[in-house]
Amino acid sequence: MADTGAGPAGGSSGPPADKSGPELARAAVEAALAKRKAQPRRKAVPEGGGDSRRRRGYTGPGPDPRDPQLFGALLGRIVKARGWQRPAAEATVFGEWERVVGADVAAHCRPIKLEDGELTVEAESTAWATQLRMLSTRLIARIAGEIGHNVVKKLHIHGPSTPSWSRGPMRVRGRGPRDTYG
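Below you will find a few notes about this structure. (Residues numbered from 1 in each chain as written. Predicted model: local features only at pLDDT ≥ 70, side-chain atom pairs only at ≥ 80, totals over all residues. Heavy atoms only, no water.)

1. Considerations on the nonpolar core
Here is step 1: Core analysis: the biggest nonpolar cluster contains 21 residues, and Trp97, Val101, Leu119, Leu132, Ile143 and Val152 have the highest contact counts within it.
Here is step 2: Those elements giving two or more residues to this core turn out to be helix 3 (85-95), helix 4 (97-101), helix 5 (103-106), strand 1 (109-115), strand 2 (118-123), helix 6 (126-134), helix 7 (136-146) and strand 3 (154-158).
Here is step 3: Once residues within four sequence positions are removed from consideration, Leu119 is found in contact with Val93, Phe94, Trp97, Pro111, Lys113, Leu114, Ile143, Val152, Lys154, Leu155 and His156. (Core = buried A, V, L, I, M, F, W, Y, C linked by side-chain atoms within 4.5 Å. Buried < 20%, exposed > 50% of the residue type's maximum accessible area, 1.4 Å probe, protein only. Helix = DSSP H or I, 4+ residues; strand = E, 2+ residues; numbered from the N terminus. Contact = heavy atoms within 4.5 Å.)

2. Describing helix 2 (residues 71-82)
For an α-helix, the turn length of 3.6 residues means that residues three or four places apart are oriented alike.
Here is step 1: With 12 residues, helix 2 ought to run about 16 Å at 1.5 Å a step, and its terminal C-alpha atoms sit 17 Å apart, in line with that.
Here is step 2: Two residues or fewer past helix 2, Gly83 is found with a positive phi of approximately 75°. (Expected span 1.5 Å × (residues − 1).)

3. Considerations on the pairing of strand 1
Here is step 1: Sheet topology note: the strand 1/strand 2 ladder contains 6 bridges and is antiparallel. For Pro111, the partnering residue across the bridge sits in strand 2 and is Val121.
Here is step 2: The antiparallel hairpin formed by strand 1 and strand 2 contains 2 residues in its connecting segment, where Asp116 sits at a positive phi of about 55°. (Pairing = 2+ DSSP bridges.)

4. A few points about helix 7
Here is step 1: Where helix 7 is concerned, the buried positions are Ser136, Leu139, Ile143 and Ala144. For helix 7, the angular spread of the buried residues around the axis is 135°, confining them to a single face. Along helix 7, exposed side chains directed more than 90 degrees from the buried face belong to Thr137, Arg138 and Gly145.
Here is step 2: Of the surrounding elements, those touching the buried residues of helix 7 are helix 4, helix 5, strand 2, helix 6 and strand 3. (Arc of directions from axis to C-beta.)

5. Details of a nonpolar patch on the surface
Here is step 1: On the surface, Phe71, Leu74, Leu75, Ile78 and Trp84 cluster together into a nonpolar patch covering about 490 Å² of accessible area.
Here is step 2: As for its placement among the helices and strands, Trp84 is situated in the loop between helix 2 and helix 3.
Here is step 3: Judged by its relative accessible area of 40%, Trp84 falls in the partly exposed class. (Patch = residues over 30% accessible without salt bridge, like charges linked within 9 Å, V, L, I, M, F, W, Y side chains within 5 Å. Areas by Shrake-Rupley, 256 points an atom, 1.4 Å probe, with all protein chains shown as cover. Salt bridge = Lys/Arg side-chain N within 4 Å of Asp/Glu carboxyl O.)

6. Brief notes about the sheet that holds strand 2
Here is step 1: Across the sheet, 3 strands lie side by side as 1-2-3; this open sheet has mixed pairing. One side of each edge strand has no neighbouring strand; the edge strands of this open sheet are strand 1 and strand 3. When the angles between neighbouring strand axes are averaged without regard to direction, this sheet yields 25°.
Here is step 2: With respect to the sheet, helix 7 is in contact with strand 2 and strand 3, its orientation differing from that of strand 3 by roughly 125°. (Axes fitted to C-alpha atoms, helices over the stretch in contact; angles between N-to-C directions.)

7. Notes on the environment of Gln85
Here is step 1: Mapped onto the elements of the fold, Gln85 is located in helix 3.
Here is step 2: Exposure remark for Gln85: the relative accessible area of 40% places this residue in the partly exposed category.
Here is step 3: Separated by 63 residues in sequence, Gln85 and Gly148 place their C-alpha atoms 9.9 Å apart.
Here is step 4: Every residue in contact with Gln85, bar those within four places of it in the chain, is listed here: Val79 and Lys80.

8. Observations concerning the environment of Val101
Here is step 1: Mapped onto the elements of the fold, Val101 is located in helix 4.
Here is step 2: Each C-alpha atom of the pair Val101 and Ile140 lies 9.1 Å from the other, and the pair is 39 residues apart in sequence.
Here is step 3: Those residues in contact with Val101 that lie beyond four places of it in its chain are Ala106, Leu139, Arg142 and Ile143.

9. Details of the side chain of Thr120
Here is step 1: Looking at the secondary structure, you find Thr120 in strand 2.
Here is step 2: Among the residues examined, Thr120 registers a relative accessible area of 10% and is labelled buried.
Here is step 3: Not counting chain neighbours up to four residues away, the residues in contact with Thr120 comprise Arg110, Pro111, Ile112, Lys113, His156 and His158.

Structural data, given as structure tokens:
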């Protein structure tokens, strides 16, 4: 039998046959490489889209601004940056009342409101109200030492609130509740 040369490995000048198998794979790879070489080169962009270069100055161990921060320190910086020092100090008066004035005083009174540096305190009895009025300068100094100066400038101390029968829909004119408490 004579070789017609129609096969891919025949090497004759006959009509080219379709490539198959490894020859087809080689031809596809060569075509892709030729196409890649023809295109202009461009820089690879990292996934984040940022600069792929490494930051200078942070090459070794030691503290770094990118390190995890303590929550209290971070919160303190945010409060300072936004100008919340005064509202935070005012809130401390109410939230930490026992620590600020002491356990003995805090057991017998409570803060009611704080407006324009004037703190209103309600005592549990008239005797404690009188006692707190005598201690008011010491209490203001203690609050200033714990929280900060000029947060509380003046104290208004009230005794316990009592019910009032002078107003309301059930008011009856007359002498009032004389024998109610018997």
